[in-house]
Amino acid sequence: MSADQSSQIKPIREKPFTWDTKNEYEEVTLRMQTYMHYHYRNIFDERDYDLYDPRYTRIKSSDWEAFRDPKRYWYTTYTRDRKNLAIEVENGFKNAQELGIIENLPSQWADALRDIYTPLRHIEYGENVQMQHVIRYALGTPIEQCATFQAYDKTGRAQWITLWAMNMQEHHGNFLDHSKEILLNEPAYQPLRSYAEELLVTNDWAEVILAENLTLDLLLGNLMYKHLTKEAGKFNDYHLSVLNLTINKQMKWQSDWAFALFKHFANDKPTSRWDYLKSLGYEEWPGDYRWGRTLTDPRETPEENLSNLEIIQEWVEKWYPKAYKAILALAPLFEKHNLGIDLEQTLKQIEEEDIIPLYKKAGIPFHCAASPV
């Protein structure tokens, strides 16, 4: 790079590219990622992209730091909130044991939960693994931070369900080994397992967020952590109810930040994946010159010809019907155990009451799984 070129590039952390931060959340969150002039090269990606490269997603943005978490979580506020949730679960489990609730649960209900609910610990952990992929490749610290906290939440849910299962198997037979057997070999669970595995090999980090938060978790989360809680009440199952009520608080934030993110993307109108870097003064930047060569030339990469909203709609139409069918495939297990849940009707109710309003509020087109495009 010539002296003239380097003199035209404005340092990222100097004015006019700093924000007038309005609160503690913004002060500690914004611009933690380095977009240029890294201390080291990424040598593990065969595409030869940089660490935070716009080509890791089809989504474009005029400002990757413009998104804001509706809860404005940063490390201290997040950990403080999650500590309180953990105390709720621990106290609930302790109270259920002291009151003899677990040992007095009907065997029919315990058997149903062993087949239907316990395998969720594997699904949650699998989603956590792919959310770590998002953490690695996501652009914009506010986005990456939300993904990090969600990965923590999913690990926590997998652990809570495991602790719940350990309490259950003290009185109702093996739960932990059985959950793995169900996940691997029960026909009704294979479509859901397949969905989770397809998610694990999805490269576009923004698509992963959508396939988890705007599709699978809305359906599966509302079914298992909300509607199943109502069924638990019929058996006075305080043990499961307190866990699900706490998980629902996590799930509410999870959908809130994801829909806020995709609403932000849908309303953003960049013309190129490189708009943000150009706005920082790097329009003629040929590569990180310190390494003696130019990375894959971004100007040789074809631009995405769809708008953000069109890409989002394409992903919803790809993933939502798959998620719907995967969860509907669990119907034989619900029927086997005579649970008072008509799975098809319940999923339609979840669509109408819990999903369609969120899509409408975000301005994202949505078509019911019963009548897909």
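Just above, that's the structure.
Now for a look at the structure at hand. (Residues numbered from 1 in each chain as written. Predicted model: local features only at pLDDT ≥ 70, side-chain atom pairs only at ≥ 80, totals over all residues. Heavy atoms only, no water.)

Some details on the overall build of the chain
Put simply, the rule reads: Strands here mean DSSP runs of E at least two residues long; helices mean DSSP runs of H or I at least four residues long; both are numbered from the N terminus. Three exposure classes are used, based on accessible area relative to the maximum for each residue type with a 1.4 Å probe and protein chains only: buried under 20%, partly exposed in between, and exposed over 50%. The contact criterion used throughout is that any non-hydrogen atoms of two residues lie within 4.5 Å. The Shrake-Rupley method, run with a 1.4 Å probe, gives the accessible areas here. Residue values count only the displayed protein chains as cover.
Helix and strand counts for the chain come out as 14 helices and zero strands. Across the chain, helices and strands are ordered from the amino to the carboxyl terminus as α-α-α-α-α-α-α-α-α-α-α-α-α-α. Counting only residues that meet the buried cut, the chain has 55% of its 373 residues in that class. Considering only residue pairs separated by 6 or more positions, the chain has 82% of its internal contacts joining residues 24 or more positions apart. Carbon and sulfur atoms provide 51% of the accessible area of the chain, an area that totals close to 17,100 Å².

Details of the nonpolar core
Selection criterion: What we call a nonpolar core is a set of buried Ala, Val, Leu, Ile, Met, Phe, Trp, Tyr and Cys residues that are connected through their side-chain atoms within 4.5 Å.
Grouped together as the largest cluster of nonpolar side chains are 104 residues, with contacts concentrated most on Tyr117, Trp164, Trp205, Met224, Leu228, Phe262 and Phe334. If one sorts the elements of this core by residue count, helix H9 (residues 205-234) sits on top with 16 residues. With residues up to four places along the chain from it excluded, the contact list for phenylalanine 334 reads Ile116, Leu223, Met224, Leu228, Leu339, Ile341 and Leu343.

Topic: the pattern of salt bridges
Applied cut-off: Salt bridge, as applied in this entry: a Lys or Arg side-chain nitrogen positioned within 4 Å of an Asp or Glu carboxyl oxygen.
Scanning all chains against the criterion turns up 21 salt bridges. Of the charged contacts in the structure, one is a salt bridge between arginine 68 and glutamate 26, with a shortest N-O distance of 2.9 Å. Taken together, the positions of arginine 68 in the loop between helix H2 (24-29) and helix H3 (75-98) and glutamate 26 in helix H2 put the pair 42 residues apart, joining distant regions of the chain. Among the residues examined, glutamate 26 registers a relative accessible area of 7% and is labelled buried. Close ionic contact of glutamate 198 with lysine 322 constitutes a salt bridge, the shortest N to O distance being 2.7 Å. Of the two residues, glutamate 198 sits in helix H8 (residues 190-200) while lysine 322 sits in helix H12 (residues 308-328), which places them 124 residues apart along the sequence. With a relative accessible area of 28%, glutamate 198 lands in the partly exposed category. Looking at lysine 322, the relative accessible area reads 32%, which means it is partly exposed.

A word on H8
In plain terms, the rule: Note that the arc is defined by the directions from the helix axis to the C-beta atoms.
Those residues of H8 lying buried are Leu192, Tyr195, Ala196 and Leu199. One side of H8 carries all its buried residues, which in axial view fall inside an arc of 95°. At its buried positions, H8 is contacted by helix H5 (120-137), H9 and H12.

Digging into the packing of aromatic side chains
Stated precisely, the cut-off is as follows: Stacked, edge-to-face and tilted labels apply to pairs of Phe, Tyr and Trp rings (six-membered ring for Trp) whose centres lie within 6.5 Å, assigned for plane angles under 30 degrees, over 60, and everything in between, in that order. Counting as a charge over the ring demands two things of the Lys NZ or Arg CZ atom: a distance within 6 Å of the ring centre and an angle within 35 degrees of the ring normal.
One pass over the structure, following the stated rule, counts 20 aromatic pairs. Look at tyrosine 78 and tyrosine 152: their rings are 6.0 Å apart centre to centre, the planes differ by 40°, and that puts the pair in the tilted class. Taken as a pair, tyrosine 78 in helix H3 and tyrosine 152 in helix H6 (residues 141-172) lie far apart in primary sequence, 74 residues in all. Among the aromatic residues, those joined into a cluster by ring pairs are Phe67, Tyr73, Tyr78, Phe149, Tyr152, Trp253 and Trp257. The ring of tyrosine 137 carries arginine 136 above its face, with NZ or CZ at 4.3 Å from the centroid.

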